[in-house]
Amino acid sequence: MNAVRDPAADTGTRTGTDTDVIVVGAGPTGLLLGAELALGGVRVQIIERRAVAQRDSRALTLHPRSIELMDQRGLVERFLARGRPVPGWHFAGLDTPLDFSALDTRHGYTLFLAQARTEQLLEERARELDVTIRRGHEVVGLRQDAGDDGAGHGGSGAGGVEVDVRGPDGVVETVRARYVVGCDGGRSVVRRSAGIGFPGTDETLSGALGDFATVDPAALDRARAHGVLAVPLEPADADTDDPAAGRTGGLTRIVLLDPQRMRTPAAEPLTLDEFRASLLRICGTDCGVAGARWLSRFGNATRLAARYRSGRVLLAGDAAHIHFPAAGQGLNTGLQDAMNLGWKLAAEINGWAPPGLLDSYHAERHPAGQAVTENTEVQTLLAELTLLPSYQRPAAALRKLMAGLLGIEEVNRRLAGLVSALDTGYPPAADAGAHPLAGRRMPDIALTAAGSAAVRVYELLPHGRFVLLDLAGDDEMKRAVETGWGPRVAAFTVTGHDTRTDLDGVREILVRPDGHVAWATCTTAVQARRAERARALADWAGLPAGG
């Protein structure tokens, strides 16, 4: 057994109730994962050590792919109503912005939305699905059953995990679950308990951020010209607007890298006086900052879990990957982890997952985590070099060169696709004959299904099932799918759809619950296509009923 236990926790013990999955951490990743598991019919508890929801917001953005995920679950209007769309984004703060509006999506923008608000909306969703959220409870240890090999091959049969949870009264209860998912941040107790390595690099650089009730609006453009990020957060109360006094009804986030303080450990407390002094050194004004709601440092420690699964323990979000918050990718990567894992883990628990489905979580998301850690290291280096006197001249030339390259449409689109995660795909590892659509995110085309009005593909996904689109008109398709895979797969005969070159000749498409394409075919012979479809459904949605 793997075990980590806090001896100080033994002020008393009791046995807790059993559940299917314990999600540790009620941040954005844990909340979305809990909701996805509940959508799949799984009993889930979210354990959160904080007694109340987080009010401060390190993360500020939802990028296009994350907004698409909310759209797929019918939640996007909730987020759009509270956030502010911004079509341009950045890579390493270069002068030429990334153009999200040119990407192949209905959501070609980043959404400025404080993390606290994102968590509030996701918690609302989780509670609508009857997810149990236990705040003020802390996981102090866990043990996997010895019968589980701990190597990523724990099946859905006997076996489980015992989790020691310390409540507000100091009493430790032991809760038994079939699986545990650590969404508990960079210092994850779950990851350490499972013995999962966290290789990477230690912190060498830190930045500072502050949320202020009052700023000097006239000074902010000057600060931005010197590389300081200054953005308004979501207004807290429009009645408090007083632009003349620098109040805009909410808070203004200011983020900076001060050459004289960038080696200060991120754990060292940040004071308002230090923040003002940094602003003065960087841009010649303290921007009139006052009414600090939150001051914090952040570092560039970069680590990626050696594996995302060990037996019945899995990792997601910051528990699996940490990095400098360059281009605001961390929260978004965690949401995409949750969306990938939720339906797979639910399938495993419900007993219909085909072999290897749960293991594909690591196979698909670990490379995505690596891509983010690598591009954030590149962005951090581009910023740091400009702060070092011996490198300032060549660094400035390098940044000018890269800004010019971003002016080339294809280069801009490539980096925009990387940062937005719209280019994230999960290509089949061994199927050389797979259609080029396989593994890619399904485009949100408008279509007309037999007997219905026009609908978007994403409007077919809120129930978290596979969606099979028949573009060829096979009269037997819907009956065959509903008979064999009805609760898991929704089948639609498409009578018309948007024209796209990547759909030329495509006869059928199987869309995964997370909006990626599982299978597509151009086979024209009906009987051969039916056999191909049956194999694809069995490979992805398990054996048919009675099979």
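Residues numbered from 1 in each chain as written. Predicted model: local features only at pLDDT ≥ 70, side-chain atom pairs only at ≥ 80, totals over all residues. Heavy atoms only, no water.

## A short note on the overall build of the protein
Scanning the protein from terminus to terminus reveals 13 helices and 29 strands. Against the compact-globule benchmark of 24 Å for 547 residues, the protein has a radius of gyration of 24 Å, which places it among compact chains. When burial is assessed residue by residue, the protein has 55% of its 547 residues classed as buried. Of the contacts formed within the protein by residues at least 6 apart in sequence, a portion of 73% connects residues at least 24 apart. Of note, the protein has its 60 positive side-chain charges centred 2 Å away from the centre of its 68 negative side-chain charges. (Helix = DSSP H or I, 4+ residues; strand = E, 2+ residues; numbered from the N terminus. Rg over C-alpha atoms; globule rule 2.2 N^0.38 Å. Buried < 20%, exposed > 50% of the residue type's maximum accessible area, 1.4 Å probe, protein only. Contact = heavy atoms within 4.5 Å. Lys, Arg positive; Asp, Glu negative; His and termini not counted. Charge placed at Lys NZ, Arg CZ, Asp CG, Glu CD.)

## Some words on the environment of Pro97
Position of Pro97 relative to the elements: it lies in the loop between strand S6 (88-89) and strand S7 (98-99). It is 9.5 Å that separates the C-alpha atoms of Pro97 and Pro87, two residues lying 10 residues apart in sequence. Excluding residues that lie within four positions of it along the chain, Pro97 makes contacts with Trp89 and Asn412.

## Observations regarding the pattern of salt bridges
Enumeration over the complete set of coordinates arrives at 43 salt bridges. When the shortest N-O distance is used, the salt bridge between Arg73 and Glu36 registers 2.9 Å. One end of the pair, Arg73, is in the loop between helix H2 (64-72) and helix H3 (76-80); the other, Glu36, is in helix H1 (residues 28-39), and 37 residues separate them in sequence. The two residues Arg73 and Glu36 agree in class, both being buried. Between Arg166 and Glu138 there is a salt bridge, with its nearest N and O atoms 3.1 Å apart. (Salt bridge = Lys/Arg side-chain N within 4 Å of Asp/Glu carboxyl O.)

## A few points about the sheet that holds strand S13 (residues 200-201)
Spatial ordering of the open sheet is given by S13-S20-S23, a layout of 3 strands whose pairing is antiparallel. In this open sheet, the two edge strands, each paired with only one partner strand, are S13 and strand S23 (321-322). Bridge analysis of S13 against strand S20 (residues 302-304) gives 2 bridges, and the strand direction is antiparallel. Bridge pairing in S20 places Gly200 opposite Arg303. (Pairing = 2+ DSSP bridges.)

## Concerning helix H12 (residues 477-485)
Those residues of H12 not exposed but buried are Met477, Val481, Gly484 and Trp485. The buried residues of H12 occupy an angular sector of 80° when projected down its axis, which confines them to one face. For H12, the exposed residues lying more than 90 degrees away from the buried face are Arg479 and Thr483. Looking at the buried side of H12, the elements it contacts are strand S26 (466-470), strand S27 (489-497) and helix H13 (526-541). (Arc of directions from axis to C-beta.)

## Let's talk about the nonpolar core
Ranked by internal contacts, the top residues of the largest apolar core, which has 67 residues, are Val21, Phe79, Val181 and Leu345. Residue contributions to this core peak at 8 residues, all from helix H8 (residues 330-350). Formed by 20 residues, the second largest nonpolar core is a distinct cluster that contains Trp89, Leu94, Leu251 and Ala327. (Core = buried A, V, L, I, M, F, W, Y, C linked by side-chain atoms within 4.5 Å.)

## Examining the pairing of strand S10 (residues 138-144)
Among the 7 residues that make up S10, 6 are buried, leaving the element largely enclosed by the rest of the structure. One ladder, built from 6 bridges, connects S10 with strand S11 (residues 161-166); its direction is antiparallel. Its bridge partner lying in S11, Gln144 is registered against Val161.

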